[in-house]
Amino acid sequence: MGINASGGAVVSSPRLYQTVPLSTISQAEQQDRYLSRTELDRLDDFFSSGLKRLQIAEVIAANSEIIVSRAANRIFTGGSPMAYLERPEVTQDEKEAFKLGTAFYVESTGGFLEAIRNLFSASGVEIPPNFRPINISRYGAANMRKSLRDLSWFLRYVTYALVAGDPNILVVNTRGLREIIENACSAEATIVAIQEMKRASASYFRKDGEAVAIINQYFDVLLSEFIAPAPSDKLRQRNASTADGLPLQGLQLPQVYNLAAEKVPVFAMKPGLSNAEKEEVIKAAYRQVFERDIRRAYGLKLADLESKVKNGEISMKEFIRRLGKSELYRKQFYEPYINSRVVELAFRHFLGRAPETREEVQTYFAIVSSKGLAGLVDALVDSREYGDYFGEETVPYLRKLGVEAQTSANWGPKFDLYNYAAPRRKVPQFITLFARYNRPLPDQHAYGVGNDPLEIQFGAIFPKETRSLNASPAPFNKDVKRILIRRGFALTNERTNPKAAGDPGSLGPKVFKLTQTPGDRSRRLGVRAGVVGSEVSTQAVIRACYQQVYGYVPYEGQRLTRWEIKLESGEITVKEFVRQLAKSDLFRNKYWSSLYVCKAIEFIHRKLLGRPTYGRQEMNRLFDIASKQGFYAVVDAILDSEEYQQVFGEDVVPYERYLTPAGLARRRMRPGSSDMAVVTRPIRTDDDIPLFVKLGQPQDKPSGELEIRRRVQQGVPRIRQEIPVFKLTSLANKAEVNNLIRAAYRQIFERDMDIYNISAELSSAESKLRNGEITVKEFVEALGCSELYRSEFYAPYPNTKVIELGTKHFLGRAPLNQQEIRKYNQILATQGLKAFVRALLNTQEYRDLFGEDTVPYRRFPTLPAANFPNTQELYGRLTKQNKELVVPSFRPVGSNDRS
């Protein structure tokens, strides 16, 4: 089965604007050079005028309502336009001020003098010939709110551009809006309003000519882009062609993405260029083919080829071909890699893109295997795609996101190939991805690991946990069916026996059906599937409908009494009653309003059809209905489907027919489940025990706990019992709590903290311990995770020393062996200090020795344990005066050791 799947989901959303530093540095980085004098001057102007532009944006934002009101009064008549402006949410303090009468809104247009000034200054504004003021009463309240919202958006875009220092955001978000506004309002009125907002904004800076010039610059860009026609989408050429030989057009890229994307410089070798410009074109060719300027990186250059392309003896296309066949390219991108990786890198260097299909990789893999590097370069450079995009004189460039429309196939590896470090990766990306597509995956499914690890995955693709979602997605498409298990006799199901779709069998679930004799309106209950003692009444059917659709029998006030009466009297069928339940507010609020669409469809499908969705194709169809027609149309589509009619008909209550493997496993693993197979083990007597087991049992059993304690303490003097152990037994004894806290400080920080000023976080932990809010173990954890412990025992030392100190402070001993050090070193390196402390406190050793209410203490003082000498040495030295490791990772090598 051929599968076309996505190659991963990298974060690649197009930016909606450009800033001066971003665009300037991006251009220099793509050309592998330092910033030029002009670019440095541009950055200097950006940063020097930054404070001025921020002040302008702040003033405009603070007076935005007045500026918008002046523009609205200019184009609207017959009322107060500002009454329709969406105001910001009022804070609680402002609400109290309104209640007390100490605050109120002022709809000001600048006062009487400002109005007189506007009257005389408006005569200098160029008015479009078709401009007519708009009457508010005829325009309507809804249109007024939208128009004032749009004016606020235009003003907001200007402030964004001012802060960014680049009018690109106005170009991206404004171009093409004229056609949209003409359908709803008037483009001439919008132009007049923008001109008025320009004048109103500049009126706040009459004495600052520089600020007025900046404001006029950005508003002029806004006006010009609004007047400009909408840009057409960029079309991507396909490899196929029409009967006339013209290339077909494929995917479309919205022009707005191209305007906002990172600009890719395009270089072409033309006869009229100066020598310096030709040098730049040659540098671009080196950067594209070798991914660096080899003259600067290696001090190399192909002088003969450079002179020929400069003089016009060979074209740029031929120059690129010879670079690909050069010895330097062979050593850099051919000899170190296998053929599949060579093909991927050649696509990047000569076509500016990544391979998109498996057939494409197979074709060029066969070429490089049979003809070598020279044949591969010729095939790519002589391809029709190269001629369509680059021709004879243009240097190939990366056709990445924003440059042209991209296919969704192999999305992740495609953009990963554009990274600078990708050529240094030996593993081929696409051939391994395609190989995974054809490999059977027993533990991977379109709905999750292990064929649905959860009960429902709602149509999402979740590959194996150990694989990266970006580089290795699940190779499944919309036609892959979900694995479902039948409720009942598994050998007879819809796939093996389609005629048995409506027969659950004796092993299936409980089925309720209402039957009606001809000419009689009385209804009687038919129960199948081996049910004993059922009620012969419609009330049982009604309860079954509630249980299936709602998941429970609702309260009296939530029941649909009117429809229950109609069902009992025979006016409606069970199917119609289920329809009314599914369209009720209770069902809608529980399974639709609070969930996202895919999850809601999955729930509704299970409730009404008794099974999960088969796969993406079925989910897509219902999703399309939900997006175009809404919730009720989804319910009708399921109930009116042919499957529902065949399985349940008009008078059968829907029941669960299929479930997922994980759902079945969870039910059987749950104690007390009806589906759980209970296996009772017989009680074994002494006669049932085999003889070899009896002979293998020890005969001298220890006589209780005293004997075990005696053996443990054998050879241990009294000093072990003399170690004080601080255990919290009662919070009422304040002196005992204080001693315990002091003991915890001495154990964790190796000093008494009475003479120091305790920080706020340690004081808070002490207070919680005294009040009984946390245990001693949680108090010790708070000390270990504090900033004081971090600065004293974590920051100054390497990880191995931190592990030694941690086992000393929290477990009362030195590390046991290198395996334990490696384990905690991995936690420290990947998760940090807090995870390391919690890992020590959550060990079984800590729980057995100290529990929840005992302060850790020094262990094994004289016990001849394996790490006794290390523990003695660790406790016998001062931490601050000796930073050597007690348990080194490597054996010390002496001067006479030659091994």
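Computed from a prediction, not measured in an experiment: that's the story for all the values here.

Thoughts on the overall build of the protein chain
Link 1 in the chain: Summing up its helical and strand segments, the protein chain has 43 helices and 10 strands in all.
Link 2 in the chain: Within the protein chain, contacts between residues separated by at least 24 positions form 67% of all contacts whose residues are at least 6 apart in sequence.
Link 3 in the chain: With an accessible surface of roughly 48400 Å², the protein chain has 53% of that area assigned to carbon and sulfur atoms.

Here we look at the layout of surface pockets
Link 1 in the chain: Of the volumes computed, that of the second largest pocket is approximately 550 Å³.
Link 2 in the chain: Lining the second largest pocket are 20 residues, with Gln547, Gln548, Pro654, Tyr655 and Glu656 sitting closest to its centre.
Link 3 in the chain: Among the elements of the structure, helix H24 (538-549) and helix H28 (597-609) are those that each provide at least two residues to the lining of the second largest pocket.
Link 4 in the chain: Among the residues forming the lining of the second largest pocket, the class breakdown is 10 nonpolar, four polar and six charged.

Focus: unusual backbone geometry
Link 1 in the chain: You will see that glutamate 750, though not glycine, has its phi angle at about 60°, which is positive.
Link 2 in the chain: By secondary structure assignment, the location of glutamate 750 is in the loop between helix H35 (734-749) and helix H36 (760-770).
Link 3 in the chain: For glutamate 750, a relative accessible area of 29% corresponds to the partly exposed category.

Some points on the environment of lysine 777
Link 1 in the chain: In this fold, lysine 777 is placed in helix H37 (residues 776-784).
Link 2 in the chain: A sequence separation of 70 residues divides lysine 777 from arginine 847, and the C-alpha atoms of the two residues are 9.5 Å apart.
Link 3 in the chain: If near-sequence neighbours (up to four positions away) are discounted, lysine 777 is found in contact with Leu841, Asn842, Tyr846, Arg847, Gly851 and Glu852.
Link 4 in the chain: For lysine 777, the side chain forms a polar contact with the main-chain oxygen of leucine 841, separated by 3.1 Å.

Comments concerning H36
Link 1 in the chain: Among the residues of H36, Leu762, Ala765, Glu766 and Leu769 are the ones counted as buried. For H36, the angular spread of the buried residues around the axis is 100°, confining them to a single face.
Link 2 in the chain: Looking at the buried residues of H36, the elements they touch are H35, H37 and helix H38 (787-793).

Here's the deal with the packing of helix H29 (residues 616-629) against helix H30 (residues 631-639)
Link 1 in the chain: Packing of H29 against H30 brings their axes to within 7 Å, and their N-to-C directions diverge by 140°. With respect to H30, the axis of H29 lies oblique. Here H29 and H30 pass one another in a crossing that is right-handed. Packed against H29, whose contacting residues are Leu622, Ile625, Ala626 and Gln629, the element H30 presents Phe631, Ala633, Val634, Ala637 and Ile638 at the interface.
Link 2 in the chain: Of the residues contributing to the contact of H29 with H30, the split by class is eight nonpolar, one polar and no charged.

Side note on the packing of aromatic side chains
Link 1 in the chain: One pass over the full model with this rule turns up 30 aromatic pairs.
Link 2 in the chain: Ring centres of tryptophan 592 and phenylalanine 631 lie 5.1 Å apart, and the angle between their planes is 45°; this geometry places the pair in the tilted category. Here tryptophan 592 is found in helix H27 (residues 585-593), whereas its partner phenylalanine 631 is found in helix H30, with 39 residues between them in sequence. Comparing tryptophan 592 with phenylalanine 631 shows no difference in burial state: the two are buried.
Link 3 in the chain: Among the aromatic side chains, those forming a connected cluster through ring pairs are Tyr286, Phe290, Phe319, Tyr329, Phe333 and Phe350.

Here we look at helix H26 (residues 574-582)
Link 1 in the chain: Taking burial as the measure, the nine residues of H26 include eight buried ones, the bulk of the element.
Link 2 in the chain: Residues Val574, Lys575, Phe577, Val578, Arg579, Gln580, Leu581 and Ala582 constitute the buried set of H26.

A short note on the confidence of the model for the protein chain
Link 1 in the chain: Averaged over all residues, the pLDDT of the protein chain equals 75, while 68% of them reach at least 70.
Link 2 in the chain: When mean pLDDT is taken per element in the protein chain, H26 scores highest with 94 and strand S6 (residues 448-449) scores lowest with 40.
Link 3 in the chain: Every residue in residues 1-14 is under pLDDT 50, and counting partners more than four places away or in other chains gives 43 contacts.
Link 4 in the chain: Residue range residues 97-124 is modelled with pLDDT below 50. Its contacts to residues more than four positions away, or to other chains, number 31 contacts.

Quick word on the packing of H37 against helix H41 (residues 833-841)
Link 1 in the chain: H41 packs onto H37 with a crossing angle of 155° between their chain directions and a minimal axis gap of 9 Å. Relative to H41, H37 is oriented roughly antiparallel. H41 is crossed by H37, and the crossing has right-handed handedness. Of H41, the residues touching H37 (which contributes Lys777, Val780, Glu781 and Gly784) are Leu833, Val837, Arg838 and Leu841.
Link 2 in the chain: Split by residue class, the contact of H37 with H41 holds four nonpolar, one polar and three charged.

Comments concerning the environment of alanine 57
Link 1 in the chain: Secondary-structure assignment places alanine 57 in helix H3 (residues 50-62).
Link 2 in the chain: For the pair alanine 57 and valine 158, spaced 101 residues apart in the sequence, the C-alpha separation amounts to 8.2 Å.
Link 3 in the chain: Once residues lying within four places of it in the same chain are set aside, the contact partners of alanine 57 are Thr159, Leu162 and Val163.

Some details on the environment of leucine 728
Link 1 in the chain: Structurally, leucine 728 can be placed in the loop between helix H34 (704-712) and H35.
Link 2 in the chain: With a relative accessible area of 13%, leucine 728 lands in the buried category.
Link 3 in the chain: Considering only alpha carbons, one finds leucine 728 and asparagine 739, 11 residues apart in sequence, at a separation of 9.9 Å.
Link 4 in the chain: Leaving out residues up to four positions away in the same chain, leucine 728 has contacts with Glu736, Val737, Leu740, Leu769, Val776 and Asp853.

What about the pattern of salt bridges?
Link 1 in the chain: Scanning all chains against the criterion turns up 45 salt bridges.
Link 2 in the chain: Among the ionic pairs, lysine 52 bridges to aspartate 208, the shortest N-O distance being 2.5 Å. You can see lysine 52 sitting in helix H3 and its partner aspartate 208 sitting in the loop between helix H11 (187-202) and helix H12 (209-227), a full 156 residues away along the chain.
Link 3 in the chain: A salt bridge links glutamate 750 to lysine 808; the nearest nitrogen and oxygen atoms lie 3.0 Å apart. Taken together, the positions of glutamate 750 in the loop between H35 and H36 and lysine 808 in helix H39 (residues 799-811) put the pair 58 residues apart, joining distant regions of the chain.

What counts and how
- Residues numbered from 1 in each chain as written.
- Predicted model: local features only at pLDDT ≥ 70, side-chain atom pairs only at ≥ 80, totals over all residues.
- Heavy atoms only, no water.
- Helix = DSSP H or I, 4+ residues; strand = E, 2+ residues; numbered from the N terminus.
- Contact = heavy atoms within 4.5 Å.
- Areas by Shrake-Rupley, 256 points an atom, 1.4 Å probe, with all protein chains shown as cover.
- 1 Å grid on protein atoms, 1.4 Å probe; cavity = no way out; pocket = protein on both sides within 12 Å on 5 of 7 lines; lining within 4 Å.
- Points joined across faces, edges and corners; volume = space filled by probe spheres on them.
- Nonpolar A, V, L, I, M, F, W, Y, C, P; charged D, E, K, R; others polar.
- Buried < 20%, exposed > 50% of the residue type's maximum accessible area, 1.4 Å probe, protein only.
- Polar contact = N/O pair within 3.5 Å; in protein donor to acceptor, adjacent residues only side chain to side chain.
- Arc of directions from axis to C-beta.
- Axes fitted to C-alpha atoms, helices over the stretch in contact; angles between N-to-C directions.
- Parallel < 35°, antiparallel > 145°, perpendicular 65-115°, else oblique.
- Left-handed = near helix turned anticlockwise from the far one by under 90°.
- Phe/Tyr/Trp six-rings, centres within 6.5 Å; stacked < 30°, edge-to-face > 60°.
- pLDDT = per-residue confidence, 0-100.
- Salt bridge = Lys/Arg side-chain N within 4 Å of Asp/Glu carboxyl O.

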